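Here's the letter readout for the chains.
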Amino acid sequence: MPELVWYAAYGSNTRLERLTHYLVGGRPPGTALDCPGCRDPRPPRRSVPVELRGAVYFATESALWSGGRAFYDPGARGRVYARAHLLTAEQFRDIAAQEMYRAPGTGPDLAPALRHGRARLGPGRYETLVCPGTLDGFPVLTFTAPWSSGDVPLNAPAAGYLRQLAEGLLEAAAWDRDAVTSYLAGCPGAAGRWTPRQVAELLPG
């Protein structure tokens, strides 16, 4: 098992402030649930922008934000804007456990996903691990749902959630405002419900 892995965040954890609540615990502003935090609360060693093959779509209903959650479909056509955080394998497992509504310390075994590129751990959302490759010699990992974007009804994201995604991607400093707002407004579930201009109006300045 590698000591370090990249966590490729494509949802609200693209934003470092949001990710910090998964690391140290507490309730993110505008949400309804507390995060227990990781056993190791240290910040990422690095955070870098990445682009993944596939697509992000919005579906189900978020208990934290209301509206649709972001999911990653690695088999879909397209390009995903994401932010990779270099963490210990233990930290990633603890973040994955929290996303699965489990306690830190009970996170998934990473070996099957590292070996096969994908591992379904359960039927629920964020209970499938995906390893889309490596970066600087460390494996890239993320989590998503076991289904594909065409297998579930789409659901538009709430304004607060979409703002988190936009701010996180802009924080990565790889894409400009127009690129980020157009990208998010074009994701299935947001497309037809949000325009690039409406997404831009969620942002300060």
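For clarity, every value in this text was computed on a predicted model and none was experimentally measured.

Q: Looking at this structure, how should I read the overall build of the protein?
A: In terms of regular secondary structure, the protein is built from six helices and eight strands. For 205 residues, the compact-globule formula gives about 17 Å, and the C-alpha radius of gyration of the protein, at 16 Å, lands near that figure. The dimensions of the protein, computed from C-alpha atoms along their principal axes, are 45 × 35 × 30 Å. The contacts in the protein between residues at least 6 apart in sequence include a share of 65% that link residues at least 24 apart. Within the protein, one finds 22 positive and 19 negative side-chain charges whose respective centroids are separated by 2 Å.

Q: Sorry, what's going on with the pattern of salt bridges here?
A: Close approach of charged atoms allows side chains with opposite charge to pair. Under the counting rule described, the total for this entry stands at ten salt bridges. Note that arginine 42 and aspartate 40 form a salt bridge whose closest N and O atoms lie 2.7 Å from each other. Among the residues examined, arginine 42 registers a relative accessible area of 43% and is labelled partly exposed. Taking relative accessible area as the criterion, aspartate 40 reaches 12% and is therefore assigned buried. With its nearest N and O atoms 2.5 Å apart, the salt bridge here joins arginine 83 to glutamate 171. Residue arginine 83 is found in strand β5 (residues 79-88), and its partner glutamate 171 is found in helix α4 (residues 159-171); the two are separated by 88 residues along the sequence. Here arginine 83 falls in the buried class, since its relative accessible area comes to 6%. Three or more residues joined by partner-sharing salt bridges are found here, namely Arg15, Glu17 and Glu167.

Q: Would you mind going over unusual backbone geometry with me for this structure?
A: Keep in mind that most residues, glycine aside, have a negative phi and that most peptide bonds are trans. Positive phi is not limited to glycine here, since threonine 60 has a value of about 55 degrees. Checked against the element boundaries, threonine 60 lands in the loop between β3 (55-59) and β4 (69-73). Assessed through its relative accessible area of 24%, threonine 60 is described here as partly exposed. The phi dihedral of aspartate 136 falls on the positive side, at around 55 degrees, and the residue is not glycine.

Q: Explanation requested: the layout of surface pockets in the structure shown.
A: Here the idea is plain: a probe the size of a water molecule rolls over the atoms and shows the empty space left. What the largest pocket holds in volume is close to 380 Å³. Taken together, 27 residues make up the lining of the largest pocket; nearest its centre are Arg18, Tyr22, Leu64, Glu99 and Arg125. For the lining of the largest pocket, the elements supplying multiple residues, two or more each, are β1 (4-9), α1 (16-24), β4, α2 (89-99) and β8 (138-144). Considered class by class, the residues forming the lining of the largest pocket number 15 nonpolar, six polar and six charged.

Q: So what exactly am I meant to see when it comes to the nonpolar core here?
A: Generally speaking, soluble globular proteins have nonpolar side chains that are buried together. Core analysis: the biggest nonpolar cluster contains 64 residues, and Ile95 and Leu184 have the highest contact counts within it. Beyond its immediate sequence surroundings of up to four residues, leucine 184 is in contact with Phe58, Leu162, Leu165, Ala166, Leu169, Ala190 and Val199.

Q: Can you walk me through α4 in this structure?
A: Three- or four-residue spacings in an α-helix give side chains the same orientation, since the helix completes a turn every 3.6 residues. Spanning 13 residues, α4 covers 18 Å between terminal C-alpha atoms, matching the ideal 18 Å at 1.5 Å per step. Considered for burial, the residues of α4 that qualify are Tyr161, Leu162, Gln164, Leu165, Ala166, Glu167, Gly168 and Leu169. In this fold, the buried residues of α4 make contact with α1, β3, β4, β5, α5 (177-186) and α6 (196-201).

Q: Mind showing me how you'd approach the pairing of β5 here?
A: The side chains of a regular strand alternate between the sheet's two faces. The buried fraction of β5 amounts to nine of the ten residues, a majority that puts the element mostly inside the structure. Direction of pairing for β1 relative to β5: antiparallel, over a ladder of six bridges. Looking at the pairing, tyrosine 7 lines up with histidine 85 of β5. Here strand β2 (residues 47-53) pairs with β5 via seven bridges, running antiparallel. Bridge pairing in β5 links leucine 52 to valine 80.

Rules used throughout
- Residues numbered from 1 in each chain as written.
- Predicted model: local features only at pLDDT ≥ 70, side-chain atom pairs only at ≥ 80, totals over all residues.
- Heavy atoms only, no water.
- Helix = DSSP H or I, 4+ residues; strand = E, 2+ residues; numbered from the N terminus.
- Rg over C-alpha atoms; globule rule 2.2 N^0.38 Å.
- Contact = heavy atoms within 4.5 Å.
- Lys, Arg positive; Asp, Glu negative; His and termini not counted.
- Charge placed at Lys NZ, Arg CZ, Asp CG, Glu CD.
- Salt bridge = Lys/Arg side-chain N within 4 Å of Asp/Glu carboxyl O.
- Buried < 20%, exposed > 50% of the residue type's maximum accessible area, 1.4 Å probe, protein only.
- 1 Å grid on protein atoms, 1.4 Å probe; cavity = no way out; pocket = protein on both sides within 12 Å on 5 of 7 lines; lining within 4 Å.
- Points joined across faces, edges and corners; volume = space filled by probe spheres on them.
- Nonpolar A, V, L, I, M, F, W, Y, C, P; charged D, E, K, R; others polar.
- Core = buried A, V, L, I, M, F, W, Y, C linked by side-chain atoms within 4.5 Å.
- Expected span 1.5 Å × (residues − 1).
- Pairing = 2+ DSSP bridges.

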